[in-house]
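Residue strings, one per chain:
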Amino acid sequence: MAAAPEPAGPAVVAGHICLDIIPDLSRLTGVQFLEVLRPGQLIQAGPAVLATGGPVSNTGLALHTLGIPTQLMGKVGADPFGEAVRAMVRAYSEHLAAGMVVDAEATTSYTVIINPPGVDRIFLHHPGANDTFCADDVSLELVAQADLFHFGYPPLMRRMYSAAGAELADLFRRVKATGVTTSLDMAFPDPASDAGRADWPRILRATLPNVDVFMPSVEEILFMLRRATFAQFQAAGGALLEHVTAGLLTDLSAELLALGAKVVGLKLGERGLYLRTATADRLRSAGRALSDATAWADQELWAPCFLVNVAGTTGAGDTTIAGFLSALLRGFAPPAAVTAAVAVGACNVEAADALSGLRSWEATLARVAGGWPRRPLDVNAAGWRWEPEPGLWRGPA
């Protein structure tokens, strides 16, 4: 008789996983790095950090660290990088690696993260086994035992964006039928790649009706749905986030809700996290993790980041999502959930890698309760008001 599968717990996290290789470039300033980055030049670096990367690791292990029983489902190759990934996952807890798929025909995905001080990160990425990940790689038997299913980075997984995203839409149809709350995160594709040229409006139209919580970055969703606006912001110069207004966020979130999502979170980097939710009637079909549709209905919030000394931003968005999902699973109301999300994200950036800066759930909330100051944020839009407790902006929606 076959052994019963391990309990999945409240959360299953599936999708992209890789090995992150992060050389220490802290002895260089950003200007120095750009000056010496040329052919034939030797750039002296410090020790490299090896860590698991991608949302299966970053979001999944962050949920585990925050006290949420979690099952990981990703795919690696039968190679030294794959063994390193599985060993790092097992070091957190043996059961976490039980849902991982090992593909003897594939190589393990890796990312070299070049992150000198004062310069935006540069990624050298090999998708590897992630390109062959498909709906059949997700154990629906385990998903059915969970309250929440989170999937991350389909733009970096060929089967998920090819054929107009048919595999991604099929995966979410199957998963949603188990009764879990479904959650989806994106990644920014190389514009010149097949993923960058994919028909993302069509993919989202097919997928979002079965997505309860959708949490892309604003850059990702502008690239996918508002390509002309994205290009306009790029041409205007400066950081793209500087051009994002409250009105644009309201408009974008309304479009995503109309496409089928029920809870929309837009990650805004150092400008925080924006949240918009659907009506109570729609939220009642949002699965087991969302227990109070009335409390979550018709919310529009913008939570500023907490002040920290930034050591690196690897995994900041993934761990922000983990903070949000942890709060959702614990029955928190939206203001407390977005506050927890940006608090976990702030802890993340205090370390160079994605996970070592994280604290326990209790320690994170205690830090917030202790008067942790926030970055200044002026929404400067009609109908928005500042709420000092818990420290966020509330919109007119």
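Structure's up top.
Thresholds, definitions, all that
- Residues numbered from 1 in each chain as written.
- Predicted model: local features only at pLDDT ≥ 70, side-chain atom pairs only at ≥ 80, totals over all residues.
- Heavy atoms only, no water.
- Helix = DSSP H or I, 4+ residues; strand = E, 2+ residues; numbered from the N terminus.
- Rg over C-alpha atoms; globule rule 2.2 N^0.38 Å.
- Buried < 20%, exposed > 50% of the residue type's maximum accessible area, 1.4 Å probe, protein only.
- Contact = heavy atoms within 4.5 Å.
- Areas by Shrake-Rupley, 256 points an atom, 1.4 Å probe, with all protein chains shown as cover.
- Lys, Arg positive; Asp, Glu negative; His and termini not counted.
- Charge placed at Lys NZ, Arg CZ, Asp CG, Glu CD.
- Salt bridge = Lys/Arg side-chain N within 4 Å of Asp/Glu carboxyl O.
- Pairing = 2+ DSSP bridges.
- Axes fitted to C-alpha atoms, helices over the stretch in contact; angles between N-to-C directions.
- Parallel < 35°, antiparallel > 145°, perpendicular 65-115°, else oblique.
- Left-handed = near helix turned anticlockwise from the far one by under 90°.
- Nonpolar A, V, L, I, M, F, W, Y, C, P; charged D, E, K, R; others polar.
- Arc of directions from axis to C-beta.
- Core = buried A, V, L, I, M, F, W, Y, C linked by side-chain atoms within 4.5 Å.
- Phe/Tyr/Trp six-rings, centres within 6.5 Å; stacked < 30°, edge-to-face > 60°.
- Patch = residues over 30% accessible without salt bridge, like charges linked within 9 Å, V, L, I, M, F, W, Y side chains within 5 Å.

(A) Main features of the overall build of the protein. Helix and strand content of the protein: 15 helices and 16 strands. The C-alpha atoms of the protein give a radius of gyration of 20 Å, which matches the 21 Å a tight globule of 397 residues would have. If one aligns the C-alpha atoms of the protein with their principal axes, the spans along those axes are about 60 × 55 × 45 Å. Across the 397 residues in the protein, those meeting the buried criterion constitute 55%. For the protein, the share of sequence-separated contacts (at least 6 apart) that also reach a separation of at least 24 residues comes to 74%. Summed over its atoms, the accessible surface of the protein is roughly 15,700 Å², and 55% of this surface lies on carbon and sulfur atoms. Where the 30 positive side-chain charges of the protein centre and where its 39 negative ones centre are 3 Å apart.

(B) The pattern of salt bridges, seen in detail. All told, the structure shown has 21 salt bridges when counted by the stated rule. Each of Asp131, Arg158, Asp194 and Arg197 takes part in salt bridges that share partners, so that together they form one network.

(C) Geometry of the sheet that holds strand β10 (residues 181-185). Spatial ordering of the open sheet is given by β4-β1-β9-β10-β11-β12-β13-β14-β16-β15, a layout of 10 strands whose pairing is mixed. Edge positions in the sheet fall to β4 (70-73) and β15 (385-387), since each of these pairs with one other strand and no more. Across five bridges, the pairing between strand β1 (residues 11-15) and strand β9 (residues 148-152) is parallel. Pairing of Val12 across the sheet is with Phe149, part of β9.

(D) Fine view of the packing of helix α8 (residues 218-225) against helix α10 (residues 246-259). Axis separation between α8 and α10 bottoms out at 12 Å; the angle between their running directions is 65°. Regarding the angle of α8 to α10, the classification is roughly perpendicular. Read as a crossing pair, α8 and α10 show a hand that is left-handed. Residue-level inspection shows Val218, Ile221, Leu222 and Leu225 of α8 in contact with α10, the latter providing Leu248, Leu249, Leu252, Glu255, Leu256 and Leu259. Its residues placed into classes, the contact of α8 with α10 shows nine nonpolar, no polar and one charged.

(E) Just the packing of helix α13 (residues 316-329) against helix α14 (residues 334-348), in detail. The N-to-C vectors of α13 and α14 enclose an angle of 145°; their axes lie 7 Å apart at closest approach. Once α13 is placed against α14, the crossing between them reads as right-handed. In this structure, α13 uses Ala316, Thr319, Thr320, Gly323, Phe324 and Ala327 to contact α14, whose residues at the interface are Ala337, Val338, Ala340, Ala341, Val342, Val344, Gly345 and Asn348. Partitioned by chemical class, the residues of the contact of α13 with α14 number nine nonpolar, five polar and no charged.

(F) View of helix α15 (residues 361-369). All of the buried residues along α15 are Trp361, Thr364 and Arg367. For α15, the angular spread of buried residues about the axis comes to 130°, placing them on one side. Along α15, exposed side chains directed more than 90 degrees from the buried face belong to Glu362 and Ala369. The positive-phi residue at the C-terminal boundary of α15 is Gly371, with phi of around 90°.

(G) Spatial organisation of the nonpolar core. Counting 58 residues, the largest nonpolar core has Phe149, Phe151, Phe214, Leu256 and Trp302 as its most contacted members. Of all hydrophobic cores here, the second largest spans 56 residues; its members include Val13, Ala97, Leu301 and Ala341.

(H) The arrangement of the packing of aromatic side chains in detail. All chains considered together, the criterion is met by 14 aromatic pairs. With centroids separated by 5.8 Å and ring planes inclined at 80°, the aromatic side chains of Phe81 and Tyr110 adopt a geometry described as edge-to-face. With Phe81 in helix α3 (residues 80-92) and Tyr110 in strand β7 (residues 110-114), the pair connects residues that are 29 residues apart, well separated along the chain. Taking relative accessible area as the criterion, Phe81 reaches 33% and is therefore assigned partly exposed. Judged by relative accessible area, which is 30%, Tyr110 ranks as partly exposed. Linked through ring pairs, Phe133, Phe149, Phe151 and Phe172 together constitute an aromatic cluster.

(I) Examining the environment of Gln234 more closely. Within the secondary structure, Gln234 is located in helix α9 (residues 227-236). Note on Gln234: relative accessible area 52%, which makes it exposed. Once the C-alpha coordinates of Gln234 and Ala261 are considered, the two residues, 27 residues apart in sequence, prove to be 27 Å apart.

(J) Examining a nonpolar patch on the surface more closely. The grouping of Leu37, Ile122 and Leu124 at the surface amounts to a nonpolar patch, some 250 Å² of accessible area in total. Here Leu124 lies in strand β8 (residues 122-126). Classification of Leu124 by relative accessible area gives partly exposed; the value is 45%.

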